[in-house]
Amino acid sequence: MHPTRLSAALAALALTASLAGTLAGTANAAAAGPSQPVPPGHGKSLALAAADKAAASGLDGLRHGTDEELVRTAVTPWAGGLYYAAYQRTYKGLPVAGGDAVVVSDSAGKVREVAAAPAPAIRISTKATVGSAAALATAEAQLAGVESAGTPELTVLLKGNKPVLTWHTLVVGRTAQGLPSSLDTYVDARTGKVTQATDKILHADGRGYHNGNVTIDTAASSMTDPNRSGFKCGGQNGSAYTGTPPWGNGTANDLVTACVDIMYAAQRESDMLKQWLGYNGQNGQGGMVPARAGLGEVNAYYDGTKTTYGHNQNGTMQLTGIDVVAHEYGHEIFDRTPGSAGSSNENGGMNESTGDIFGALTEHFANNPNDTPDYTVGEKLNFLGDNKPIRYMHNPSLAGDPNCYPQLNAGTEVHAAAGPQNHWFYLLAEGSNPGGGKPASPICSGGPSSVTGIGIQKAGKIFMGALLMKTSSWNHLAARKATLASAKNTYGSAECNAVKTAWNAIGVPAQSGETDCGGTTTPDFSLALNPASGSVQPGASVTSTVGTSTTGGSAQTVQLSASGAPSGVTVSFSPSSVTSGNSSTMTVQVAAGTANGTYPITVTGTGSATHTVTYQLSVGTTTPPTGCDNTEYTYEGSLTDGQADAQPDGSYYYSATSGTHVGCLRGPAGADFDLYLQKWNGSGWADVAVGGTASADEDIAYKGTAGYYRYVVHAYSGSGAYTLGLSAP
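What you see is a predicted model, and the numbers here were worked out from it, not measured in a lab.

### Brief notes about the overall build of the chain
Part 1: Along its length, the chain carries 10 helices and 36 strands.
Part 2: Computed over its C-alpha atoms, the radius of gyration of the chain comes to 28 Å, within 12% of the 27 Å expected for a compact globule of 729 residues.
Part 3: Per-residue burial for the chain yields a buried fraction of 54% across its 729 residues.
Part 4: In the chain, the proportion of contacts linking residues at least 24 apart, taken out of those at least 6 apart, comes to 68%.
Part 5: A total accessible area of about 26,900 Å² is found for the chain, and carbon and sulfur atoms account for 50% of it.
Part 6: Each charge class in the chain can be summarised by its mean position, and for the 40 positive and 54 negative side chains these summaries are 2 Å apart.

Here it is in structure tokens:
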């Protein structure tokens, strides 16, 4: 038994407390398994199993090549039993910057939405000719002074839809002009030149005023939040201020008082995210980056590691108002949701707008009489010397910024580029003529005659749900699709239509495949392969199950076809068409003499819509070993070093009576595979028997009570095909 490495693999499998985990998805049942009712509390498991299967199968935009994988990196639960699963693309084990994806699935095990950044087929050498130390020196040379720099990581960057092998690092410091900078840098691993560098520092426009006597969460003797991980406030040296409450003296330029304002605003934003939007804090895990007060500049910014706050133009107060602090931490929300922050001006403008939106949301949630809620930015800073705001969400043109999406271009400055999305959010929340002392909002040419708002809380939750579908290619067109899906999934057709009307009002056009807001659900279906890959010798065949599910409307007929098979390979389906919700057996017949190699085969399902998945066929590789002939059911699979499978078929089985469970594993020669029998305990899978010798073959016999069981096959070392036999009472 190998506890250290095995624990890591099983921790990944247990991430969802479910059957899904990091399953390789390469199992193939040679006999039908026992029937299985759904365990109680298993909705999350079903949702993530569906998402993982979609990713492994390469559903639609999730398509990936032979040496690529989509690795699940985050899971966010949402209203109505929905789960947002984020995936990062990898190539030969290296992270890929770009080509990331999000799958939205539900507790019934259905895929609801797929959002994917475009990615070419990646074929590139992973051997660097420039070392990491040289790359780091190049990255640091961009700044006049370096405060910190991360260890470079070899990464494939998708730039201009082409893969580039790079060293990736974050360098924080000051430019030659003395400005703060946090450069997310990719250095070409062959030429040693900077390929791409994006400044994560987004300078906010703050207000310097106090929030009055407020309650904040701190430790007994330091300004460290005991409830929100990572959050503290102090001076420019990074240490939290120490002392005892009450903190600060209430004066304009006292820095402890500034930290009171910062902590109050950031904590109210955290509470708003949880109570209004159902999201766990700024970083999605209940915490946020620390804050520093006392910057000797007219500035406030987020750099990926912290937020920093200076003073106003006249030096009369600190820039620590509610909406400036919430704006900065809004950048962290944008940065830590899937897709992170992009490099284009349009993406940067949407990042700035996200800060403004969370500033407005936090002001409305806090409802502090010292800063009554509004949709303006910088109204108390006197930034321009005329006592006017620097941005108006209801009418961005009042500050010279574009109101409408068609007015944007590649050169629009990022703060100005916040205009269209800010305008959209105001229209969605308040409408074009809200009344009650709130300003009217103009509608762009070609838009509807009027827009009716749905309220800021609903608008905020829809926006947050859309951010959870963000990818690295995020833009206004993608935001339209994501917010429509978020509105329909979270609330219903009325809110979805309000979102659509608000986008129409700022000139963002309808997109192919966007959610239908009608009261009835548009008929649709999804596809999945089990397994998504297979190995076969020339002259033999291999099978896979093509599963379908109804994701919208009534069940429909889905016609199945295949393309991309190499010469000598034929693909057939039995049956050739199915009613969605049913499955078909795909048989891949490989003729004698077919060249060895790995071939992607595209499987297409055609109904009211068309969807594709990808089957990876390996010809000429080893066949699964034998030796488990005396068990009731037999399953075959293939694992690479460190990978794990759940069986049967990535799922589990139900035993209605007590008795002996028998597991027989036969793995590839020279490898070390382990076998685990797990039982569902009501909230997760627990080991009840382990076969963990230093060989490829394991046997288990366990006497257990009635319940839900599964086997986990783990490749501790080595790779190859395996056979698992099991018998259940």
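Moving on, there is more to tell.
### Considerations on the sheet that holds strand β23 (residues 569-574)
Part 1: In spatial order, the strands read β19-β21-β25-β23; together these 4 strands make up an open sheet with antiparallel pairing. Of all strands in the sheet, those with a lone pairing partner are β19 (524-530) and β23, marking the two edges. Averaged over all pairs of adjacent strands, the angle between their axes in this sheet comes to 25°, without regard to strand direction.
Part 2: In the sheet, β23 pairs with strand β25 (residues 583-590) via 6 bridges, with the strands oriented antiparallel. Bridge pairing in β25 places Phe573 opposite Met586.

### Comments concerning the pairing of strand β20 (residues 533-536)
Part 1: Only one face of β20 is covered, namely the face carrying Gly534 and Val536; the face carrying Ser533 and Ser535 is uncovered.
Part 2: As defined by bridge partners, β20 adjoins strand β27 (residues 610-619) across 4 bridges and the pair is classed as parallel. Across the sheet, the residue bridging to Ser533 is Gln616, located in β27.

### Here's the deal with the state of the cysteines
Part 1: Tallied over the full model, the rule gives 4 disulfides.
Part 2: Two residues share a disulfide in this structure: Cys496 and Cys517, whose sulfurs sit 1.9 Å from each other. Disulfide Cys496 to Cys517: torsion about the S-S bond roughly -60°, handedness left-handed. Taken together, the positions of Cys496 in helix α10 (residues 493-505) and Cys517 in the loop between α10 and β19 put the pair 21 residues apart, joining distant regions of the chain. With respect to burial, Cys496 and Cys517 carry one shared label: buried.
Part 3: Disulfides within the chain link the bonded cysteines, taken in sequence order, as 1-2, 3-4, 5-6, 7-8.

### Description of the packing of helix α6 (residues 345-366) against helix α8 (residues 456-467)
Part 1: The geometry of α6 relative to α8 is characterised by a closest axis approach of 11 Å and an angle of 145° between their N-to-C directions. Judged by the twist between their axes, the crossing of α6 over α8 is left-handed. In this structure, α6 contributes Thr354, Ile357, Phe358, Ala360, Leu361 and His364 to the contact, and α8 contributes Ile456, Gly460, Phe463, Met464 and Leu467.
Part 2: Classifying every residue of the contact of α6 with α8 by side-chain character gives 8 nonpolar, 3 polar and no charged.

### Comments concerning the packing of aromatic side chains
Part 1: A full pass over the atoms with the stated rule returns 16 aromatic pairs.
Part 2: Seen from their ring centres, Trp424 and Phe463 are 6.3 Å apart, and the 50° between their planes marks the pair as tilted. You can see Trp424 sitting in helix α7 (residues 419-430) and its partner Phe463 sitting in helix α8, a full 39 residues away along the chain. An identical accessibility class is assigned to Trp424 and Phe463; each is buried.
Part 3: Between Phe425 and Phe463, the ring centres sit 6.3 Å apart and the planes meet at 70°, which makes this aromatic pair edge-to-face. Of this pair, Phe425 sits in helix α7 while Phe463 sits in helix α8; the two residues are 38 residues apart in sequence, bridging distant segments of the chain.
Part 4: Look at Phe463 and you get buried, because its relative accessible area is 2%.
Part 5: Positioned above the aromatic ring of Tyr491 is the side chain of Lys458, whose terminal nitrogen or guanidinium carbon lies 5.2 Å from the ring centre.

### A closer look at the pattern of salt bridges
Part 1: Scanning the entire structure with this criterion turns up 19 salt bridges.
Part 2: We note a salt bridge from Glu147 to Lys306, for which the minimum N-O separation is 3.2 Å. Taken together, the residues span a long stretch of sequence, with Glu147 in strand β7 (residues 145-149) and Lys306 in the loop between β15 (300-302) and β16 (307-309) at a distance of 159 residues.
Part 3: The closest approach of N and O atoms between Lys306 and Asp303, which form a salt bridge, is 2.5 Å. Each member of the pair, Lys306 as well as Asp303, carries the same accessibility label: buried.
Part 4: Through salt bridges with shared partners, a single ionic network connects Asp217, Asp225, Arg228, Arg268 and Asp271.

### Concerning the environment of Asn368
Part 1: Within the secondary structure layout, Asn368 lies in the loop between α6 and β17 (376-377).
Part 2: Sequence separation between Asn368 and Val690 is 322 residues, and the spatial gap between their C-alpha atoms is 58 Å.

### Let's talk about the confidence of the model for the chain
Part 1: For the chain, the average pLDDT comes to 88, and 91% of its residues sit at 70 or higher.
Part 2: Residue range residues 1-36 is modelled with pLDDT below 50. Its contacts to residues more than four positions away, or to other chains, number 121 contacts.

### Here we look at unusual backbone geometry
Part 1: The omega torsion across Ser574 and Pro575 is -5°, close enough to zero to call that bond cis.
Part 2: With respect to the element layout, Pro575 can be found in the loop between β23 and β24 (577-579).
Part 3: Even without being a glycine, Asn161 presents a positive backbone phi close to 65°.
Part 4: Considering the arrangement of structural elements, one finds Asn161 in the loop between β8 (153-159) and β9 (162-174).
Part 5: Residue Asn161 is classed as partly exposed on the basis of its relative accessible area, which comes to 48%.

### Notes on the side chain of Ser655
Part 1: Considering the arrangement of structural elements, one finds Ser655 in strand β30 (residues 653-655).
Part 2: With a relative accessible area of 1%, Ser655 lands in the buried category.
Part 3: Of note is the side chain of Ser655, whose polar atom sits 2.9 Å from the backbone oxygen of Thr657.
Part 4: Among all residues touching Ser655, those that are not within four sequence positions of it are His661, Ala706, Gly707, Tyr709 and Pro729.

### Structural notes on α8
Think of an α-helix as 3.6 residues a turn; residues three or four steps apart then line up on the same face.
Part 1: Between its first and last C-alpha atoms α8 spans 16 Å; for 12 residues at 1.5 Å apiece the expected length is 16 Å, and the two agree.
Part 2: When you tally the buried positions in α8, you get 10 out of 12 residues, the bulk of the element.

### Re the nonpolar core
Part 1: By size, the foremost hydrophobic cluster in this structure holds 57 residues, and its most contacted members are Phe358, Leu361, Trp424, Phe425 and Met464.
Part 2: Here this core takes 7 residues from α8, the largest share from any one element.
Part 3: In this structure, Phe425 is in contact with Ile357, Leu361, Tyr375, Met393, Ile456, Ala459, Gly460 and Phe463, ignoring residues within four places of it in sequence.

### Re the environment of Val71
Part 1: With respect to the secondary-structure elements, Val71 resides in strand β2 (residues 68-77).
Part 2: Filtering out sequence-adjacent residues up to four positions away, Val71 remains in contact with Ala86, Tyr87, Gln88 and Thr90.

### Topic: the packing of α6 against α7
Part 1: The N-to-C vectors of α6 and α7 enclose an angle of 30°; their axes lie 8 Å apart at closest approach. Handedness of the crossing formed by α6 with α7: right-handed. On the side of α6, the interface is formed by Met350, Ser353, Thr354, Asp356, Ile357 and Leu361, while α7 contributes Gln421, Asn422 and Phe425.
Part 2: Tallied by class, residues from the contact of α6 with α7 come to 4 nonpolar, 4 polar and 1 charged.

### Section: the side chain of His476
Part 1: Among the secondary structure elements, His476 is positioned in helix α9 (residues 476-490).
Part 2: Since its relative accessible area comes to 0%, His476 is described here as buried.
Part 3: With near-sequence residues (within four places) excluded, His476 lies in contact with Glu346, Met350, Tyr405, Leu408, Pro420, Gln421, Trp503 and Val508.

Calculation rules
- Residues numbered from 1 in each chain as written.
- Predicted model: local features only at pLDDT ≥ 70, side-chain atom pairs only at ≥ 80, totals over all residues.
- Heavy atoms only, no water.
- Helix = DSSP H or I, 4+ residues; strand = E, 2+ residues; numbered from the N terminus.
- Rg over C-alpha atoms; globule rule 2.2 N^0.38 Å.
- Buried < 20%, exposed > 50% of the residue type's maximum accessible area, 1.4 Å probe, protein only.
- Contact = heavy atoms within 4.5 Å.
- Areas by Shrake-Rupley, 256 points an atom, 1.4 Å probe, with all protein chains shown as cover.
- Lys, Arg positive; Asp, Glu negative; His and termini not counted.
- Charge placed at Lys NZ, Arg CZ, Asp CG, Glu CD.
- Pairing = 2+ DSSP bridges.
- Axes fitted to C-alpha atoms, helices over the stretch in contact; angles between N-to-C directions.
- Disulfide = S-S within 2.5 Å.
- Left-handed = near helix turned anticlockwise from the far one by under 90°.
- Nonpolar A, V, L, I, M, F, W, Y, C, P; charged D, E, K, R; others polar.
- Phe/Tyr/Trp six-rings, centres within 6.5 Å; stacked < 30°, edge-to-face > 60°.
- Lys NZ or Arg CZ within 6 Å of the ring centre and 35° of its normal.
- Salt bridge = Lys/Arg side-chain N within 4 Å of Asp/Glu carboxyl O.
- pLDDT = per-residue confidence, 0-100.
- Polar contact = N/O pair within 3.5 Å; in protein donor to acceptor, adjacent residues only side chain to side chain.
- Expected span 1.5 Å × (residues − 1).
- Core = buried A, V, L, I, M, F, W, Y, C linked by side-chain atoms within 4.5 Å.

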